[in-house]
Amino acid sequence: MKIAVCPGSFDPVTNGHLDIITRACDLFDRVYVAVLNNPEKKPLFTAEERVELLKEATAHLDIVVCEQFEGLVVEYAKRRGAVAIVRGLRAVTDFEYELKMASMNHHLDKDVETVFMMTSTEWSFLSSSAVKEVASLGGDISAWVPPCVAEALTKKFVHASTEL
Ligand code: ADP
């Protein structure tokens, strides 16, 4: 059984993430989508909320398991029996950071390979931070995220604006 992990912040999950996760499902027998629980990043959604949104958005993919993790990705991958870490690449700007991470992870554990997938062109501009920015300004983000995320973002920002 070939197992992969797709690690990330997923704050929140976008159609770009879902595209990579769906394509990973064609290559592996089980895909763990792993939410990094790093409070230093000051996420908009808690790790629990991010996992719940991912579960809802990937409910139709029965080989996907969504959960949180802390610490090193390679150690998490090892615990799950994964042979690969799957990451998405959008622009050249992603490349330098991803090369650094992949090289460090390779140094830490040579048995876990990092696999890169190029973004689909329609999502190449899409990031969680852009989605959050547009949503916070009241813009329509429904083309970029699954319906459960659009709803959760609306709730967050309506709530935030009533607090001001
Ligand atoms: P991180 O903070 O670890 O970069 P993200 O949630 O931003 O976490 O991204 C997780 C993974 O999804 C990364 O490999 C990232 O490159 C990829 N990704 C994010 N947005 C897109 C997109 N629009 N198209 C393809 N891959 C993407």
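Keep in mind that what you see is a predicted model, and the values were worked out from it rather than measured.

*Asks:* Describe the pairing of strand 3 (residues 64–69), with residues and values.
*Replies:* Examined bridge by bridge, strand 2 (residues 30–36) and strand 3 share 6 bridges and lie parallel to one another. Paired with Val 33 across the two strands is Cys 66, which belongs to strand 3. As a crossover connection, the stretch from strand 2 through helix 2 (residues 47–57) into strand 3 is right-handed.

*Asks:* Kindly report on the layout of surface pockets, identifying the contributing residues and their values.
*Replies:* Unoccupied space between atoms shows up once a probe the size of one water molecule is rolled over them. The computed volume of the largest pocket comes to approximately 1100 Å³. Forming the boundary of the largest pocket are 43 residues, of which Pro 7, Gly 8, Ser 9, His 17 and Arg 87 lie nearest the centre. Partitioning the lining of the largest pocket into residue classes produces 20 nonpolar, 14 polar and 9 charged. Space inside the second largest pocket adds up to approximately 170 Å³. Forming the walls of the second largest pocket are Phe 45, Glu 49, Leu 53, Glu 56, Cys 148, Glu 151, Ala 152, Lys 155 and Lys 156. Put simply, the parts of the chain that give the lining of the second largest pocket at least two residues each are helix 2 and helix 6 (147–163). Per-element tally for the lining of the second largest pocket: the top contributor is helix 6, with 5 residues. Among the residues making up the lining of the second largest pocket, the classes are represented as 4 nonpolar, no polar and 5 charged.

*Asks:* I'd love a proper account of helix 2, names of residues and values included.
*Replies:* What helix 2 keeps buried is the set Ala 47, Arg 50, Val 51, Leu 53, Leu 54 and Ala 57. Looking down the long axis of helix 2, one finds its buried residues gathered within 165° of arc, a one-sided arrangement.

*Asks:* Explain a nonpolar patch on the surface residue by residue, including any values.
*Replies:* The grouping of Val 92, Phe 95 and Leu 99 at the surface amounts to a nonpolar patch, some 320 Å² of accessible area in total. Within the secondary structure, Leu 99 is located in helix 4 (residues 92–108). Relative accessible area serves as the criterion here: at 45%, Leu 99 is assigned to the partly exposed category.

*Asks:* How would you sum up the pairing of strand 2? Please name residues and give values.
*Replies:* Across the 7 residues that make up strand 2, a large majority, 5, are buried. Sheet topology places strand 1 (residues 3–8) next to strand 2; 6 bridges connect them, and they run parallel. Bridge pairing in strand 2 links Ala 4 to Val 31. One crossover worth recording links strand 1 to the parallel strand 2 by way of helix 1 (residues 15–27), and it is right-handed.

*Asks:* Pulling in residues and values, what's your account of the site of the ligand?
*Replies:* As a structural note, the neighbourhood of the ligand is formed by 14 residues, with Ser 9, Phe 10, Lys 41, Gly 88 and Trp 123 the closest of them. Here His 17 contributes a side-chain N or O atom positioned 3.1 Å from an oxygen atom of the ligand. Within the side chain of Arg 90, an N or O atom sits 3.4 Å from a nitrogen atom of the ligand. Protein contact buries 88% of the 550 Å² of open area that the ligand shows by itself. Using a 2 Å cut-off from the grid points, one finds that the ligand occupies the largest pocket. Residue contributions to the shell around the ligand peak at 3 residues, all from helix 1.

*Asks:* Explain the side chain of Asn 15 to me, using residue names and the numbers behind them.
*Replies:* Relative to the assigned elements, Asn 15 resides in helix 1. What makes Asn 15 buried here is its relative accessible area of 15%. Setting aside residues up to four positions removed in sequence, Asn 15 forms contacts with Trp 123, Leu 126, Ala 143, Trp 144, Val 145 and Pro 146.

Calculation notes
- Residues numbered from 1 in each chain as written.
- Predicted model: local features only at pLDDT ≥ 70, side-chain atom pairs only at ≥ 80, totals over all residues.
- Heavy atoms only, no water.
- Pairing = 2+ DSSP bridges.
- Helix = DSSP H or I, 4+ residues; strand = E, 2+ residues; numbered from the N terminus.
- Right-handed = clockwise from strand over helix to strand, strands pointing away.
- 1 Å grid on protein atoms, 1.4 Å probe; cavity = no way out; pocket = protein on both sides within 12 Å on 5 of 7 lines; lining within 4 Å.
- Points joined across faces, edges and corners; volume = space filled by probe spheres on them.
- Nonpolar A, V, L, I, M, F, W, Y, C, P; charged D, E, K, R; others polar.
- Buried < 20%, exposed > 50% of the residue type's maximum accessible area, 1.4 Å probe, protein only.
- Arc of directions from axis to C-beta.
- Patch = residues over 30% accessible without salt bridge, like charges linked within 9 Å, V, L, I, M, F, W, Y side chains within 5 Å.
- Areas by Shrake-Rupley, 256 points an atom, 1.4 Å probe, with all protein chains shown as cover.
- Salt bridge = Lys/Arg side-chain N within 4 Å of Asp/Glu carboxyl O.
- Near = heavy atom within 4 Å.
- Polar contact = N/O pair within 3.5 Å; in protein donor to acceptor, adjacent residues only side chain to side chain.
- Sits in = over half its atoms within 2 Å of the grid points.
- Contact = heavy atoms within 4.5 Å.

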